[in-house]
Amino acid sequence: MNPAEKLQNYNATKAAPAPVELIVPPECAGQRLDQALSHLLPEFSRSRLAHWIRTRRVELDGRAVLPKAKVWGGEKVLLHPVPDPATTAAAPEAIALDIVHEDAAILVIAKPAGLVVHPGSGNWSGTLLNALLAHAPQLASLPRAGIVHRLDKDTSGLLVVAKTLEAQTSLVRQLQAHTVKREYLALVHGRVARDGKVEAPIGRHPVQRTRMAVVARGKHAVTHFEVLQRYTHATLLRCRLETGRTHQIRVHLQSLGHPLVGDPVYGKNRSSAEAVIAGFQRQALHAERLEFQHPASGKTVAWQAPLPADMHDLIAALQAETKATA
């Protein structure tokens, strides 16, 4: 089984709302269908109704029509509504969690690759937030269900979740003060010459707005990295975050000319990648270690998560290749 096949799909399927049936009243005669429906179904916006009409979720006398179709009264309308994902995002879902530690104040989770942390566009369900609400329903009273930092969908490893408002406030302040220690294992293309630090501001890419980039007017960002092992065509690094910007490690390592293996956004074209790493289907990044002051006791606490199987297998293959070519 290759790494792509090992990634799980955490998007849950929601039950569709019941169809809506109605008869167009005579007072709507001469109106456009979308206009008439916006009067008859005020709980839905006109633009939303028009979208449903265009996507054939509305039938007028048993046939699909355009939003501009005129109605004259007496027509039968059948509507198959779709729930607004944003309104159902914060719902508990029975998703298994790998809980490394739990007490009255915090949860430490080992997040698998493929699990989105927080609901958003394209991922309104099947997230860590949904799983947390099922595991500890009281988290619904906290902002973001106690989540104080995130990992990208296809990054594995440790993150901490607050279980009380006091714990959340403490953890947020520690993150702002850069006293939370977060260390990652990163497998990058090429042979990195030496340990170092990247201090470069990160912001939205000026053209490709879904990407981040090193930009002059971006937010201050610092990543420290240490060479752990060099292979024939790749290097294993330990990265330590001093700041926590979106895609920080991915962007900073790309800026050095050593993008993460398997990164679909900031990495190399798969067709140009070396054979051993060409098939790895996610960014090779794992949040290995997490250290902070416990919000309740004030003591320093730390956890470490072993490499997931896909990264472990890839590193073993790189070691074998390097040994064979030595």
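Residues numbered from 1 in each chain as written. Predicted model: local features only at pLDDT ≥ 70, side-chain atom pairs only at ≥ 80, totals over all residues. Heavy atoms only, no water.

Participant: Let's hear about helix α7 (residues 248-255): which residues, and what values?
Facilitator: Of all eight residues in α7, six are buried; the element is thus mostly enclosed. Following α7 by one or two positions, G257 has its phi on the positive side, about 85°. (Buried < 20%, exposed > 50% of the residue type's maximum accessible area, 1.4 Å probe, protein only. Helix = DSSP H or I, 4+ residues; strand = E, 2+ residues; numbered from the N terminus.)

Participant: Any details on helix α6 (residues 165-176)? Residues and values, ideally.
Facilitator: What sets the pattern is the α-helix's 3.6 residues per turn: residues three or four places apart point alike. Spanning 12 residues, α6 covers 16 Å between terminal C-alpha atoms, matching the ideal 16 Å at 1.5 Å per step. Inspection of α6 places A167, Q168, L171, Q174 and L175 among the buried residues, and these make up the whole buried set. One side of α6 carries all its buried residues, which in axial view fall inside an arc of 130°. α6 presents E166, R173 and Q176 as exposed residues on the side facing more than 90 degrees away from its buried surface. Considering only its buried residues, α6 is in contact with β5 (106-111), β6 (156-162), β7 (181-189) and β13 (285-293). In the stretch just after α6, H178 is the one whose phi turns positive, near 60°. (Expected span 1.5 Å × (residues − 1). Arc of directions from axis to C-beta. Contact = heavy atoms within 4.5 Å.)

Participant: Residue-level account of the pattern of salt bridges, with values.
Facilitator: Counted under the stated rule, the structure contains 13 salt bridges. A salt bridge links D34 to R46; the shortest N-O distance between them is 3.6 Å. Here R46 lies in helix α3 (residues 46-54) and D34 lies in helix α2 (residues 33-40), a separation of 12 residues in the sequence. For R46, a relative accessible area of 38% translates into the label partly exposed. Of the charged contacts in the structure, one is a salt bridge between R238 and E288, with a shortest N-O distance of 3.4 Å. Linking R238 in strand β12 (residues 234-241) with E288 in strand β13, this pair joins segments that are 50 residues apart in sequence. Take R238: its relative accessible area is 23%, and that puts it in the partly exposed class. A residue is classified by how much of its surface remains accessible, and E288, at 9% relative accessible area, is buried. (Salt bridge = Lys/Arg side-chain N within 4 Å of Asp/Glu carboxyl O.)

Distances and angles like these do not, on their own, reveal function.
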